[in-house]
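# Chains, contacts and geometry: an overview
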Amino acid sequence: MAFKLPTKGAARKRVRRNAHLSPSERTIELALTIATWSSVVALAAVFGELLMGAVPALSKIDMVDFFTGTIWNPSHPLYPLYGIVPLFMGTLLVSFGAALIAIPIGLGCTIWLAELASPRVKAIFKPAIEVLAGIPSVIFGFFALVILSEWISVVFDPVTKLNALNGAIMLAVMMIPIMVTVAEDAINAVPRSLREASLALGATRWETIRHVVLPSALSGIVAAIVLAFGRAIGETMTVLMATGNAPVITTNYLHSVQTMTAAIAIDFGEVEYGSVHYHVLFLIGLVLFIITFVINFIAEWVTRRYREEY
C-alpha cells in the first residue's frame, strides 16, 4: 500500500475547515485529541517501565537459559533457575484449551443470536451473556477453586484437583462474551440484501448462513477469536486460583501448571526489591506484553486484510 503525503491543497482545506469551528467545537476536538494520545502515551509508559525493570536482568542471567530453561525455581538459595519454558507451556496449555472450548460455543451462540433467535428471546439472552464480561475474575477463580474442581475430580479423577483443565474451562467462560459481542456486530453488519439475494436464488437458510453470511463477516469473526484469545493469555486471578501453580512442563490437562501471569502475581509481593528475581519478573512481564501486542496486531491485520465493504 502506498502512502502519500498531504498536498498543500489538502492542508489548506484542513485549515479552512478548522477556521469554521466555533470555540466550543475546537475545545471538544482538542479534548478528543488529548484523550486519543493519552492512550498511546499510557501504552508507551507501560512498555518503558517494563523495559527499564527488565534491563538489569539481561546482564545478570543467561538469556539462552532463560528462554530455553526447563526449570523455574527462582527462590533456591544457592542455584536459582529462571527457565521460562514451564511458564510459557502452562500459559499456552491453558489458553489453547480455553480456545478449543470457547470458539465452538461462542460461534454457535453468535450465529443463533444474530440469525435465528427471535427479538424477544435475543433481548433476554444477549444481556445475560454480556453480564459475564462484567463479573470480576476473582469470582470465576473462586468458583473454579471450590466447585468446578470438585466436578472435574468426580468425572476425570485427575492427578490434582487444581489443574490445567480447571483453568481452561473458566477461561473459556470468560472468552465467550468477548467473542459473542464482537462477532455478532460483524454478522449484523452484513447487508440484508445479500441474505435476500441468496434466498431468492433458492438457497436454504442454513446455506445462506454458511456460504454468504459467515464468509462476509469472516474478518470480524477472526478478530473476535484473536481478541478473546489475547484476553485468555493475559488473565491472572482465575488461573492463579484454578491451575495449581506447579511450574512443570506437561501436556496433560489433568496436571497442575503455572502461567506467566500467575508467576508474576505470586512472586512479586514477596521478592526482594532490586534482586535478580525481581528484575526477571519484569522480563516475564515484558515477554507477556510483547505476546499480547502481537496478538492484537494480528487481529487488526486480519480485520483490515479481509474486511468487506458494502
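Starting from 1, residues in each chain are numbered consecutively following that chain's sequence as written. Selection of residues for local features in this predicted model requires a pLDDT of at least 70, selection of side-chain atom pairs for listing and counting requires 80 or more, and totals for whole chains, interfaces and linings are taken over all residues. Hydrogens are left out, water is left out, and the side-chain values use all remaining heavy atoms of the structure.

### Topic: the environment of Ser-95
Under the DSSP-based scheme used, a helix requires at least four consecutive residues in state H or I and a strand at least two consecutive residues in state E, with every element numbered from the N terminus. Take Ser-95: it is sitting in helix α4 (residues 85–116). Classification of residues uses two cut-offs on accessible area relative to the type maximum, computed with a 1.4 Å probe and protein chains only: under 20% is buried, over 50% is exposed, and between them is partly exposed. For Ser-95, a relative accessible area of 1% translates into the label buried. With 135 residues separating them in the primary sequence, Ser-95 and Gly-230 have C-alpha atoms 8.7 Å apart. Residue contacts follow a heavy-atom distance rule, with two residues in contact if any of their heavy atoms lie within 4.5 Å. Ignoring anything within four residues of it in the chain, the contact list for Ser-95 reads Phe-229, Ala-232 and Ile-233.

### Looking at helix α6 (residues 137–156)
To estimate how far a helix should reach, multiply one less than its number of residues by 1.5 Å. With 20 residues, α6 should reach 28 Å at 1.5 Å per residue; the first-to-last C-alpha distance of 25 Å falls well below that figure. Within α6, the axis deviates most sharply at Ala-144, by approximately 45 degrees. If you check which residues of α6 are buried, you get Ser-137, Phe-140, Gly-141, Ala-144, Leu-148, Ser-149, Ile-152 and Ser-153. Buried residues along α6 sit against α5 (119–134), α7 (164–188) and α11 (237–242). Once α6 ends, the next one or two residues include Asp-157, with phi positive near 50 degrees. Throughout, the bend at a residue refers to the angle made by two axes, fitted to the seven residues ending there and to the seven starting there.

### Things to note about the packing of helix α8 (residues 192–200) against helix α9 (residues 205–216)
To define axes, lines are fitted to C-alpha atoms, for helices over the stretch in contact only, and angles between the resulting N-to-C directions are given on a 0 to 180 degree scale. At a minimum axis separation of 10 Å, α8 and α9 run at an interaxial angle of 140 degrees. As α8 packs across α9, the resulting crossing turns out to be right-handed. Only Arg-205, Thr-208, Val-212, Val-213 and Ser-216 of α9 make contact with α8, whose side of the interface consists of Leu-194, Arg-195, Ser-198 and Leu-199. Helix crossings fall into two classes, left-handed where the near helix is turned counterclockwise from the far one by less than a right angle and right-handed where it is turned clockwise.

### As for the pattern of salt bridges
For this analysis, a salt bridge means a side-chain nitrogen from Lys or Arg found within 4 Å of a carboxyl oxygen belonging to Asp or Glu. In total, this model carries seven salt bridges according to the counting rule given. The partner of Glu-115 in a salt bridge is Arg-195, with the nearest N and O atoms 2.7 Å apart. Of this pair, Glu-115 sits in helix α4 while Arg-195 sits in helix α8, placing them 80 residues apart in sequence. The buried category is assigned to Glu-115, whose relative accessible area is 13%. What makes Arg-195 buried here is its relative accessible area of 14%. The residue Lys-126 makes a salt bridge to Glu-184 at a minimum N-O spacing of 2.6 Å. Taken as a pair, Lys-126 in helix α5 and Glu-184 in helix α7 lie far apart in primary sequence, 58 residues in all. In this pair, the class of Lys-126 matches that of Glu-184, namely buried.

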